[in-house]
Amino acid sequence: MDPLSWPALLGHAAWRLLPVWIALAATFALSIGFKRRLGLYGRLFESNVGMIGLGIVLFWVFTAIFATQIITFDPLAQLSGMKNALPGSPLKTPVEGAYSHYLFGGDSLARDVFSRMVMGAREVLKIAPAATLFAFMVGVTLGLPAGYFGGKLDTSLSFLANLVLAFPVILLFYLLVTPEIVQTGLPMYFAAVLFLFPILFFAILFNARYKTDPPRRNLYVGLTLALGLWAYAGLAFNADPTGIFAMSPNLLNVFVSVVFVNSPGVFRIVRGLVMDIKARDYVAAGQTRGESPWYIMLWEILPNARGPLIVDFCLRIGYTTILLGTLGFFGLGVSPESPDWGSTIDDGRKLLAIFPHPALVPAIALMSLVLGLNLLADGLREESLKD
Amino acid sequence: MLSFVLRRIGVMILTALVLTFLVFSLTNLPPNLEKLAKSEASARMTDDQVDSWLAGNGFGRPMLIRYGEWLGVAPGWVITAEDGTTRGRCLTQGLTVETAPRFCGLLQGNWGWSTVFKQPVDQVLGRSLGHTSWLMLWVMIVMVPTALILGVLSGMREGSRTDRVLSTFAIASTATPEYVSGVIFIALFASATAGISPLLAEMGWISGKTLFQGTATSAMDKITFWNFALPVLTIALYGIGYIARMTRASMTEVMTQQYIRTARLKGVSFRNVVMKHALRNALIAPFTVIMLQFPWLLNGVVIVETLFNYKGFGWTLVQAAGNNDIQLLLACSVVAVFVVLVTQLISDIGYVFLNPRIRLS
């Protein structure tokens, strides 16, 4: 077998990604067809920047979803003779029924770079959006009362937020994401506090809305508590009897640290937005109607702050991706074999000047995902300003 | 003004104390201390031996007291062992209990001993900070003017073609963390097998094998364009995008103000409006942003110094954290926290000072 030329190997890679292209085309066709009825999401298709951003982000999302169909080799398998193989190299000893080439070459341990990149997308997209969502829950639940009530509560919460923000992120990671910390059980306590906020958020949200309708209130709050506490026991304490919700101690440590680093930023944004919005007339009207403070915060202020928050959410997923890459780059918290992009870049950089491809492929992948998220945020900002 | 500055400094000192205490307790967790005992004394110690070693070296007392000793506000420990020898925190270099000072901590200038480098921490830190300050200096020289020019150019005429192109560049550069751009730069400019260096060498445009050097180790002795361009560019690139976007936002806001329109209407040329009327007001916000960029630069410094093997502050921090060098890591944290807090203070005060619209009561 001959090595593939550059156009041929790109063609082969594109062919492997066929499920992604189909899913992308279907999503775009449907969305453009119904864009008038889709609100802010539909209007995204009016702006080129937003569409390009969404396209890149969806590309990686679908790659992560179909990863098991796309990969050509097991991302951990080491094949003999493929150490540092150049992109497009054929297998030294062809295996019956297996793929014939290493599309993007082999790394220093003779693993397939293409498959590792694809599986890396899954690793990153498993953590980054979820961690950002948790950070938002924490930031919103604390930022709303801080901005709305002000006073001592605001002063003390802001001091705490500034404390975390004054920490150089990398130092925080070196202190928090270590095997020693896992030994002390500190991540579990962190998780116990941080994971409480989503439950608290939804419980207060439904309670404020349906206070006047006790049966419905009891149903919703009860459901939230039941589901939330079940997930809480599993995720924070690894004590879920059914085993559906579980996280390995290392993953929990990474997750908690990323949430912890991100939430003060969200807190500051939410607090600023609330302080701005609470001076509006409709808030004063709500207050004179005798609505409870939490109802005003969660059902009147929060929906009106959604534009900037959605934009920040997109930007922050990108930032979280960068943070996860940083963790991988310093080999913190992830298993050494993990195909996530940060650790793959770190693996590849030792031979960077001679064999650049093992580091370059995940580097470009990470950059494109973050770029897509930034462009998407820019498009959303542009469109939401047109209101 | 004075009371504002004093209050800010008060908050800053409080923050510094809380942060250093947090770092102190996180680096002095029981598993860290056990590792320290095993690496300093013997790797095959039993748990009891570890405990007695820790007690004999002053680690046995409560965290808060040890923090006080480290800071230099509590008297250093003195322990007389069973065999009659006396050891103490301040009893170094032949000092006895009578002659040694009672306090010897950070405030007295005693930064401790680095177990990795086998040197006093202040020497290690001084040397590495010297290297890093050169790096920072060049990053600032490259980053600030570039970012401001890009931001002003794109904010001058909002929505123009220049604006679109420059804004896209700014977005792309904020999407490229240092470990990505560094890798791409090395592959592109400093690899003998890939990128543009082989082409240039073949055509005889460069004398060496590569256009730039992929490591900055030689820059510690002598900084040249050849060995220092890539690390500086890598750090600067990530910051350029962010500062340029802030400058652009500030510039577009200023350009829609009434006084700019008035100036244009009375016939001042566009060039003069930008240079004399808009620029001064538009540069207030970026000043704050540049100052607040320091904590991020610290991130960049750690990544780039690791990537390019430049033995400065960031490299030292990684070594200290990776090898459980508690004293050195603490000292690094103090420096990092100090830099962050001081830049925050300067940015706050500078903002008030530059912006005449803010009057403090």
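Residues numbered from 1 in each chain as written. Chains lettered and ligands numbered in written order. Predicted model: local features only at pLDDT ≥ 70, side-chain atom pairs only at ≥ 80, totals over all residues. Heavy atoms only, no water.

### Regarding the overall build of chain A
A tally of regular secondary structure across chain A gives 18 helices and 2 strands. In terms of C-alpha radius of gyration, chain A reaches 24 Å, essentially the compact-globule figure of 21 Å for 387 residues. For chain A, the spread of C-alpha atoms along the principal axes amounts to about 80 × 55 × 40 Å. A total of 387 residues make up chain A; the buried ones form 53% of that total. Sequence separation of 24 or more characterises 72% of the internal contacts of chain A that already satisfy a separation of 6 or more. Taken as a whole, chain A presents about 16,900 Å² of accessible surface, with 68% of it coming from carbon and sulfur. Within chain A, one finds 27 positive and 24 negative side-chain charges whose respective centroids are separated by 6 Å. (Helix = DSSP H or I, 4+ residues; strand = E, 2+ residues; numbered from the N terminus. Rg over C-alpha atoms; globule rule 2.2 N^0.38 Å. Buried < 20%, exposed > 50% of the residue type's maximum accessible area, 1.4 Å probe, protein only. Contact = heavy atoms within 4.5 Å. Areas by Shrake-Rupley, 256 points an atom, 1.4 Å probe, with all protein chains shown as cover. Lys, Arg positive; Asp, Glu negative; His and termini not counted. Charge placed at Lys NZ, Arg CZ, Asp CG, Glu CD.)

### Things to note about the nonpolar core
Counting 185 residues, the largest nonpolar core has Phe104, Met117, Phe173, Phe195, Phe330 and Trp341 of chain A as its most contacted members. With 15 residues, helix α15 (residues 326-354) of chain B is the largest single contributor of residues to this core. Here this core spans two domains, and each of domain 1 (2-121) and domain 2 (126-354) of chain B adds at least three residues to it. Sequence-distant contacts of methionine 117 of chain A, defined by excluding residues within four places in its chain, comprise Trp60, Phe104, Trp341, Val361 and Ala365 of chain A. Core analysis: the next-biggest nonpolar cluster, separate from the first, contains 20 residues, Phe201, Val270, Met297 and Leu298 of chain A among them. (Core = buried A, V, L, I, M, F, W, Y, C linked by side-chain atoms within 4.5 Å. Domains from an automatic or database assignment.)

### Some words on the interface of chain A and chain B
Taken residue by residue, the interface counts 42 residues in chain A and 48 residues in chain B. Taken together, both faces of the contact between chain A and chain B bury some 3,900 Å²; the carbon and sulfur share is 78%. Three residues, Tyr174, Leu175 and Glu180 of chain A, lead the burial of chain A against chain B; their summed loss comes to 14% of the area buried on that side. Seen at the junction of chain A and chain B, the total is 2 salt bridges. (Buried area = accessible area lost by both parts, 1.4 Å probe. Salt bridge = Lys/Arg side-chain N within 4 Å of Asp/Glu carboxyl O.)

### Describing the confidence of the model for chain B
Residues and elements named next belong to chain B. On average, residues of chain B score 84 in pLDDT, and 95% of them reach the 70 mark or higher. Here strand β2 (residues 86-88) stands out as the element of chain B with the lowest mean pLDDT, 72, in contrast to helix α5 (residues 121-156), whose mean of 91 is the highest. Here the complex is predicted with pTM 0.89, and the ipTM for its interfaces comes to 0.86. (pLDDT = per-residue confidence, 0-100.)

### Considerations on the domain arrangement of chain B
All names here are of chain B. Taken domain by domain, chain B comprises domain 1 (2-121) and domain 2 (126-354). Distance between the C-alpha centres of domain 1 and domain 2: 37 Å. Facing 28 residues of domain 1, the contacting portion of domain 2 comprises 23 residues. Surface buried jointly by domain 1 and domain 2 totals about 2,300 Å² across both partners, of which 73% is contributed by carbon and sulfur atoms. Of all residues in domain 1, Arg8, Met12 and Phe117 give up the largest surface area on contact with domain 2, accounting jointly for 23% of the area buried on that side. There are 1 salt bridge connecting domain 1 and domain 2. In this structure, the salt-bridge partner of arginine 8 is aspartate 348, at a minimum N-O distance of 3.1 Å. Run the count over domain 1 and domain 2 and you get 6 residue pairs in polar contact (both at pLDDT 80 or more). Taken together, the elements giving at least two residues each to the side of domain 1 that touches domain 2 come down to α1 (2-27), α2 (30-40) and β3 (113-114). Among the elements that line the side of domain 1 that touches domain 2, the one with the most residues is α1, at 12 residues. Class assignment of the residues belonging to the side of domain 1 that touches domain 2 gives a composition of 17 nonpolar, 9 polar and 2 charged. (Polar contact = N/O pair within 3.5 Å; in protein donor to acceptor, adjacent residues only side chain to side chain. Nonpolar A, V, L, I, M, F, W, Y, C, P; charged D, E, K, R; others polar.)

### Comments concerning a nonpolar patch on the surface
Residue and element names in this part refer to chain A. A contiguous nonpolar patch, built from Trp15, Leu18, Trp21 and Ile22 and spanning about 450 Å² of accessible area, is present on the exposed surface. It is helix α2 (residues 18-33) that provides the largest number of residues to the nonpolar patch, a total of 3 residues. By secondary structure assignment, the location of tryptophan 21 is in helix α2. (Patch = residues over 30% accessible without salt bridge, like charges linked within 9 Å, V, L, I, M, F, W, Y side chains within 5 Å.)

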